[in-house]
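# Geometric and topological summary
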Amino acid sequence: MSRILLGVTGGIAAYKSLEFVRLADAAGHSVRVLQTPTSRRFVGSASFEALTGAPVLVSEFDEDPARGAFPGQQPPGHRPLHHLELVHNAELYVIAPASANTIAKLAHGLADNVVTTAALAGQCPLVVAPAMNANMYEHSATQVNLTLLRERGVTIVGPDAGKLASRGEHGVGRLADPAVILEECEQLLGASGSWHGLRVLVTAGGTREPIDSVRFLGNRSSGRMGLALAAAAHRRGADVTVVAANVALPVPENIDLRRVCTAAELAAVCEQEFAKCDVLLMAAAVADFRPVEAVEGKLKKAGRDRMLLELEATTDVLSALAARRSTGQILVGFAAEHGEHMLDYARSKLESKNLDVVVANDISSPGAGFDVEDNEVVVLTGADEVHLELASKREIADGILDVVTRLRQGSGATVGDDGRAPVRHCLRALPTRL
Ligand SMILES: Cc1cc2nc3c(=O)[nH]c(=O)nc-3n(C[C@H](O)[C@H](O)[C@H](O)COP(=O)(O)O)c2cc1C
């Protein structure tokens, strides 16, 4: 969990900074907010106060009832110079949206309100997310100002191209997605850094086994969960390789991507990569059976009422990898099961396949599982059973990585450590960051 100070300036996109606060809070960070007076014409302080649970400062002369403390911190006994205390106490300062006006002030060292003063006084990393009309953004004054900031080590996120917040406007100047801004922040914070140096191999998506040149046997896995795990591992500083089976979603940047189609192709890439990895997250839905023979060309219907398709078992990739695991590697399997015996099946998978963790999800549960944004899972280890309640796949991914972190730190169960009675936890996703 990190202390993030958010500066909000005057522009239509100011309402999106509420979403940034919501995401940062859900990811376990504690957030305080500074606003320029103009920004309050767009979004009131009460909304930020409700989301952060802390007062908002709009002027250097505002009294800060929290005395510079972030949510979860004890306020100091003395009365500090409040407008500076907050930024001194922050681990990162992000200004989103940053207006053209504020960007110009930052570039030239002006300190005429609480947002710009904090930027000048702060020593933590500064992230600036511009949002404005396309002409304002493309104006050479704004471009020079952004270059100055970049040269000074400020991280600029966005803006994106597309429909702008002001009605009827298009072009470059749209505030970057709040989730992307948060990812940049987390990268800088090295909250991320806790997995620095680890190599993580993730499989995502669903394999397709050809029946003929047109048709295949496939499954409904979109790859969302695998990509969320890859992004979460990357945010924590790991080197990540994703073996993506038929994934049509955008893949996070800076991730080594290997695209595959069939179970055999997925197995071959995993074989190559496995020995190098510290953590294997096997989220792909891999076919258990494939047609014995894939027909060249297209099978014809003519004259047939029915057709038998002969299938043969594919190699069990996870068991094969687990058989040659080395000390210290953590292997995480996934079990998508239907109904009441889900946990029994997941526990038997944990034991029979020699895994450290099995993430079980009940695919009969509404709103969770295949090809949706959310998930709800039980994370089983040799001694623990952690229930992660319905949440975004990003939050679920963080919850799963937290369990892996605990195993790596030796405070949880490891393979063969199943003499103890399972401990049951019921958590909202992401209760802690280790
Ligand atoms: C309706 C409206 C929308 C605006 N949207 C933006 C914007 O998206 N980006 C921007 O840089 N300025 C925008 N402005 C202009 C800023 O509000 C103005 O430059 C102001 O001085 C910014 O103050 P601040 O940087 O102290 O918050 C907008 C103004 C109005 C009236």
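Structural data are supplied above this passage.
Procedures and definitions
- Residues numbered from 1 in each chain as written.
- Predicted model: local features only at pLDDT ≥ 70, side-chain atom pairs only at ≥ 80, totals over all residues.
- Heavy atoms only, no water.
- Near = heavy atom within 4 Å.
- Polar contact = N/O pair within 3.5 Å; in protein donor to acceptor, adjacent residues only side chain to side chain.
- Nonpolar A, V, L, I, M, F, W, Y, C, P; charged D, E, K, R; others polar.
- Pairing = 2+ DSSP bridges.
- Helix = DSSP H or I, 4+ residues; strand = E, 2+ residues; numbered from the N terminus.
- Buried < 20%, exposed > 50% of the residue type's maximum accessible area, 1.4 Å probe, protein only.
- Right-handed = clockwise from strand over helix to strand, strands pointing away.

Turning our eyes to something else, we now look at the site of the ligand. Around the ligand lies a shell of 14 residues, among which G10, T36, S99, A100 and T102 are the nearest. Contact between the ligand and N101: an oxygen atom at 3.0 Å from a side-chain N or O atom of the residue. Residue classes in the shell around the ligand are distributed as six nonpolar, eight polar and no charged.

On to the sheet that holds strand β3 (residues 92–98), then. Pairing is parallel in the open sheet, where five strands are placed in the order β2-β1-β3-β4-β5. If you trace the sheet from one side to the other, it starts and ends with β2 (30–35) and β5 (155–156), each paired once. Judged from the four bridges that link them, strand β1 (residues 3–8) and β3 form a sheet pairing that is parallel. Along β3, the bridge assignment pairs I4 with L92.

Glycine aside, negative phi is the norm for most residues, and most peptide bonds take the trans geometry. A cis amide bond links A96 to the next residue, P97, at an omega of 0 degrees. Omega for the bond connecting G158 with P159 falls within 30 degrees of zero, at 5 degrees, which places this linkage in the cis form. Position of P159 among the secondary structure elements: in the loop between β5 and β6 (160–163). In the Ramachandran plot, R67 falls in the positive-phi region, its phi being about 50 degrees despite a non-glycine side chain. Considering the arrangement of structural elements, one finds R67 in the loop between α2 (45–52) and α3 (82–89). The exposure class assigned to R67 is partly exposed, which follows from its relative accessible area of 28%. With a phi angle near 55 degrees, N246 is a residue other than glycine that sits in the positive phi range. Looking at the element boundaries, N246 is found in the loop between β11 (239–245) and β12 (256–260).

Our focus in this paragraph is the pairing of strand β17 (residues 357–362). The element β17 is largely enclosed, with a buried count of five among its six residues. Of the strand pairs in this sheet, strand β16 (residues 330–337) and β17 are connected by six bridges, and their pairing is parallel. From the neighbouring strand, E337 faces β17, where its bridge partner is D362. For the handedness criterion, the β-α-β arrangement of β16, helix α12 (residues 342–352) and β17 is classed as right-handed. Examined bridge by bridge, β17 and strand β18 (residues 374–380) share three bridges and lie antiparallel to one another. Bridge pairing links V359 to V379 in β18.

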